[in-house]
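Descriptive analysis of the structure
Here is how the chains run, residue by residue.
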Amino acid sequence: MLRFKAEAGTAQLALEIDGSHFDTVSCAADGSAHIEFAFVPNGKEGLTVLPRSGRDGAALSNMPAHLLPGQAGFAAAPTRPRTLRHVAGGARPVPFGTDVAAPAVSIVVPIFNAPDLVARCLTRVIEHTTGKARLILIDDASSDPAIVPLLARFAGIAGVSVLRNEHNRGFTATANRGIAAAGTDDVVLLNADTEVGPNWLQGLRRAALIESRVATATAVSDNAGAFSVPELEQENPGPAAWSLEASARALWQQAGLAYPQLPTGNGFCMYIRRGVIDAVGALDEVAFPQGYGEENDFCQRAAQAGLIHLIAGNVYVGHARSASFGAQRRASLGAAGMAVLRERWPDYEAEVGRSLHSFARRVLDWRVRRAFAAATRVGPPCARLLWVGADAPRWSDAQVWNLVANDTENELLVDGEVVAANTWQAHDPEPSYRALWDWLQIFAIEALLVSRHGDSVAEILCRLLDIPIFAVTAPFAASAREALTAGIASTRSFKESA
């Protein structure tokens, strides 16, 4: 717990951690306030904290205070320079040995008009989706003549199905048609005005599999209401210097795996486990024919069955929002949907209010602020690749992490710095395997590099986690792009014919 004491009569103060706003807290009449930390937001390092009169307000201390987790009082100075790598605090990796790659997934995209946004959405899905997946596109009788030829371009891609409603059925019935067409697959509901980035489906799969009670996992976005980051319920432009892909990779690496919980998901990009659909039914297309409330109702039914809904904070998806309806009609539909939700689930809004400001959610937003603030100082983040052993390739367009044996220690290094270590015991190697399993997730490794394919422990674990494995041989190519382009194309779920 962190305690503060401001002047008596101070109504509130804002806490800045490591140079980024964390939270605003109310003060007692005597000026005292406190924040309870469920875990250390920046991992295992010390914290630099500065109280302010309000967000971006005057500092209430002459200088930041340096705190060391688990120790009372202040440290004289940070123990070592700040780094954005250590985001392990509160991490909930997928349980050891879980086959993340096993569940079949159907990505369901209801479509109505907005051809430019639809084209962008589908192009990004084709580019960034790997693993076992199908893509089900459903045209809800679009009135824009550009939609039919646009979807015809994607119909010939293996794994892509294009369906068309004879008449406009509305978003919810169209989504339900996709859910039915998915058969026994898990389902990702994806709006046609979204833009996915690297690792998006792997991230949702992992969030959905961290425990058996998970019903849904929803991505975060620049513009998705309660799932907007870093500021709730508003549009959040990403860093001007970064593409959506760069911002998505930044969150993949820095947002962490704490998975805040809400009483609902959001159908703009929501993973649903098939067993939940079997248990509680599909979306209610009668009460919510045009959407705006259907996923909230579905999630409340699942919650009544003892299931939970998570935010996959490391999965960042752009969202144009209101492309089909416009802002005014969206507001009208939202109000109508909320009226139904209030009648059916009278505690829903209060539950949302309580969970929106949970500690895990405040940490997520803080990590996003910190990651985006770095865009003014550093270039876009590179993919993190893992090489086991000596003589790792060195590329300027990728960050090659290195797993090496150092006497009895297995060490994970990047740029010569030991990021994590584990003691190897030949008589009981499982703890080291478990450590590597967690490192692959916590440190957001995107691919394993090997000199030749085999059945090493690293390869086995990567296959289970749906991490691609690429063979690269010396002499290495001049860049990761040159070395991996063909391999990346081969791992895509949906391969366009030559």
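Residues numbered from 1 in each chain as written. Predicted model: local features only at pLDDT ≥ 70, side-chain atom pairs only at ≥ 80, totals over all residues. Heavy atoms only, no water.

Within the chain one finds 13 helices and 21 strands. For the chain, the C-alpha radius of gyration of 23 Å lies close to 23 Å, the compact-globule estimate for 498 residues. Dimensions of the chain, computed from the C-alpha atoms along their principal axes, are close to 70 × 65 × 45 Å. Expressed as a percentage of the 498 residues in the chain, the buried residues total 54%. Counting 44 positive and 52 negative side-chain charges, the chain places the averaged centre of each group 0 Å from the other. (Helix = DSSP H or I, 4+ residues; strand = E, 2+ residues; numbered from the N terminus. Rg over C-alpha atoms; globule rule 2.2 N^0.38 Å. Buried < 20%, exposed > 50% of the residue type's maximum accessible area, 1.4 Å probe, protein only. Lys, Arg positive; Asp, Glu negative; His and termini not counted. Charge placed at Lys NZ, Arg CZ, Asp CG, Glu CD.)

Reading across the sheet, the six strands line up as 19-18-17-16-20-21 and stay open at both edges, with mixed pairing between neighbours. This sheet does not close on itself; its edge strands, each paired only once, are strand 19 (417-423) and strand 21 (469-471). Within this sheet the neighbouring strands show an average axis-to-axis angle of 25°, counted without direction. In the packing of helix 11 (residues 430-442) onto the sheet, the strands contacted are strand 16 (384-388), strand 17 (399-406), strand 18 (409-414) and strand 19, and the crossing angle to strand 19 comes to about 150°. Seen against the sheet, helix 13 (residues 480-491) touches strand 16, strand 20 (447-450) and strand 21 and runs at an angle of roughly 145° to strand 21. (Pairing = 2+ DSSP bridges. Axes fitted to C-alpha atoms, helices over the stretch in contact; angles between N-to-C directions. Contact = heavy atoms within 4.5 Å.)

With that settled, consider the nonpolar core. If you look at soluble globular proteins, the nonpolar side chains tend to sit buried side by side. Judged by nonpolar contacts, the single largest core of 95 residues is most densely connected at Ile107 and Trp200. The element contributing the most residues to this core is strand 15 (residues 308-319), with seven residues. What Ile107 contacts, discounting residues up to four positions off in sequence, is Val125, Thr129, Ala133, Arg134, Leu135, Ile136, Val188, Leu190, Trp200, Leu201 and Phe494. Ranked by size, the runner-up nonpolar core spans 21 residues in total, among them Val25, Ala33, Ala65 and Ala360. (Core = buried A, V, L, I, M, F, W, Y, C linked by side-chain atoms within 4.5 Å.)

Now for the pairing of strand 7 (residues 105-111). Successive residues of a regular strand alternate their side chains across the two faces of the sheet. Within strand 7, seven of the seven residues are buried, leaving the element largely enclosed by the surrounding structure. Residues of strand 7 alternate between two faces, with Val105, Ile107, Val109 and Ile111 on one and Ser106, Val108 and Pro110 on the opposite face, all of them buried. Here strand 7 runs beside strand 8 (residues 133-139); their pairing, made up of seven bridges, is parallel. Its bridge partner being in strand 8, Val108 is matched across the sheet by Ile136. Handedness of the crossover joining strand 7 and strand 8 through helix 1 (residues 115-128): right-handed. (Right-handed = clockwise from strand over helix to strand, strands pointing away.)

Let us look at the pattern of salt bridges. A complete count under the given rule lists 23 salt bridges for this structure. Between Glu285 and Arg169 there is a salt bridge, with the nearest N and O atoms lying 3.9 Å from each other. One end of the pair, Glu285, is in the loop between helix 6 (274-280) and helix 7 (294-304); the other, Arg169, is in the loop between strand 9 (160-164) and helix 3 (171-181), and 116 residues separate them in sequence. The exposure class of Arg169 is partly exposed, given its relative accessible area of 37%. (Salt bridge = Lys/Arg side-chain N within 4 Å of Asp/Glu carboxyl O.)

Secondary-structure assignment places His309 in strand 15. Excluding residues that lie within four positions of it along the chain, His309 makes contacts with Ala215, Thr216, Pro260, Gln261, Leu262, Pro263, Thr264, Gly265, Cys299, Ala302 and Ala303.

Let us look at the confidence of the model for the chain. Mean pLDDT over the chain: 92, with 95% of residues reaching 70 or higher. When the criterion is pLDDT under 50, residues 81-86 qualifies, and its contacts beyond four places in sequence or with other chains add up to 25 contacts. (pLDDT = per-residue confidence, 0-100.)

The four strands are arranged 3-2-5-6 in an open sheet whose pairing can be described as antiparallel. Each edge of the open sheet carries a strand with a single partner, namely strand 3 (20-26) and strand 6 (65-67). Within this sheet the neighbouring strands show an average axis-to-axis angle of 30°, counted without direction. Note: strand 5 (residues 47-52) against strand 6, three bridges, orientation antiparallel. Bridging across to strand 6, Val49 finds its partner in Ala65. Helix 10 (residues 359-373) rests against strand 2 (12-17) and strand 3 of the sheet, and its axis sits at about 145° to strand 3.

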